[in-house]
Amino acid sequence: QYYCSLAGILCSSSVTNSSYQMYAPLEQQLVASGSNGLNSNYFSPVGVGDVTPPSVPTGVTFTITAQSVGHLFQSAWNASTDTGGAGLAGYKLYFTSGSASPFNYTTTQSPFSQNVLVMSGTTYCVEVTAYDTMGNESAKSSPPVCRVVP
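Residues numbered from 1 in each chain as written. Predicted model: local features only at pLDDT ≥ 70, side-chain atom pairs only at ≥ 80, totals over all residues. Heavy atoms only, no water.

Peer 1: Is there a simple way to explain the overall build of the protein chain in this structure?
Peer 2: From N to C terminus, the protein chain includes 0 helices and 11 strands. Listing the helices and strands of the protein chain from first to last along the sequence gives β-β-β-β-β-β-β-β-β-β-β. Across the 150 residues of the protein chain, 37% fall into the buried class. Here the contacts in the protein chain between residues at least 6 apart in sequence split such that 56% fall between residues at least 24 apart. When the accessible surface of the protein chain is split by element, carbon and sulfur atoms take 52% of a total near 8,400 Å². (Helix = DSSP H or I, 4+ residues; strand = E, 2+ residues; numbered from the N terminus. Buried < 20%, exposed > 50% of the residue type's maximum accessible area, 1.4 Å probe, protein only. Contact = heavy atoms within 4.5 Å. Areas by Shrake-Rupley, 256 points an atom, 1.4 Å probe, with all protein chains shown as cover.)

Laid out in structure tokens, this is it:
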């Protein structure tokens, strides 16, 4: 076994002709064991090495309201959960239109509101994903929710 438990230490271990390097933040103890690689529980307690994305956001709603300047895009959804150990970091909103350039926003919570300059009569759709602190991103919410800009 190889332990790495001090803050800021870069640790290396050679296991069966393969090299592993890991960074151990304070209060995390990383353990490598086994004859051919890493123990299956190696990273999961602290989220390091988490490759599981959060759940897909559900119940997505989307409205577009005309403002004195631009249009207010508002979207809401049910919260996602992250079971991979890293913890939910936020959400990404993907706004698309067949005839206009797509744009994206990142937020930490629902609901989301943003004033945007878009052309009246254009249809925009929104899809929402969740991501965790390790950067794992869920699949997009489905189906896309679409509205016509008033």
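Peer 1: Can you walk me through the side chain of threonine 122 in this structure?
Peer 2: When you line up the elements, threonine 122 lands in the loop between strand 9 (112–116) and strand 10 (123–132). Aside from chain neighbours lying at most four places away, what touches threonine 122 is Ser97, Ser99, Arg147, Val148 and Val149.

Peer 1: Which parts of the structure should I look at to understand the pattern of salt bridges?
Peer 2: When their charged atoms lie close together, side chains carrying opposite charge are able to pair. Counted according to the given criterion, the structure contains 2 salt bridges. Lysine 92 serves as the salt-bridge partner of glutamate 137, at 3.7 Å between the closest nitrogen and oxygen. Note that glutamate 137 is positioned in the loop between strand 10 and strand 11 (145–148) and lysine 92 in strand 7 (residues 88–96), a separation of 45 residues in sequence. Taking the shortest distance from any N to any O, the salt bridge between glutamate 127 and lysine 140 comes out at 3.9 Å. Here the residue glutamate 127 occupies a position in strand 10, and lysine 140 occupies one in the loop between strand 10 and strand 11, the gap between them amounting to 13 residues. (Salt bridge = Lys/Arg side-chain N within 4 Å of Asp/Glu carboxyl O.)

Peer 1: Is there a simple way to explain the pairing of strand 6 (residues 71–78) in this structure?
Peer 2: On a regular strand, one side chain projects to one face of the sheet and the next to the other, so that they alternate. Inspection of the sheet shows strand 5 (residues 58–66) paired to strand 6 by 7 bridges, in the antiparallel sense. Considered in strand 6, the bridge of phenylalanine 62 is made with serine 75. The antiparallel hairpin formed by strand 5 and strand 6 contains 4 residues in its connecting segment, where glycine 70 sits at a positive phi of about 80°. Note that strand 6 and strand 9 share 5 bridges and pair antiparallel. (Pairing = 2+ DSSP bridges.)

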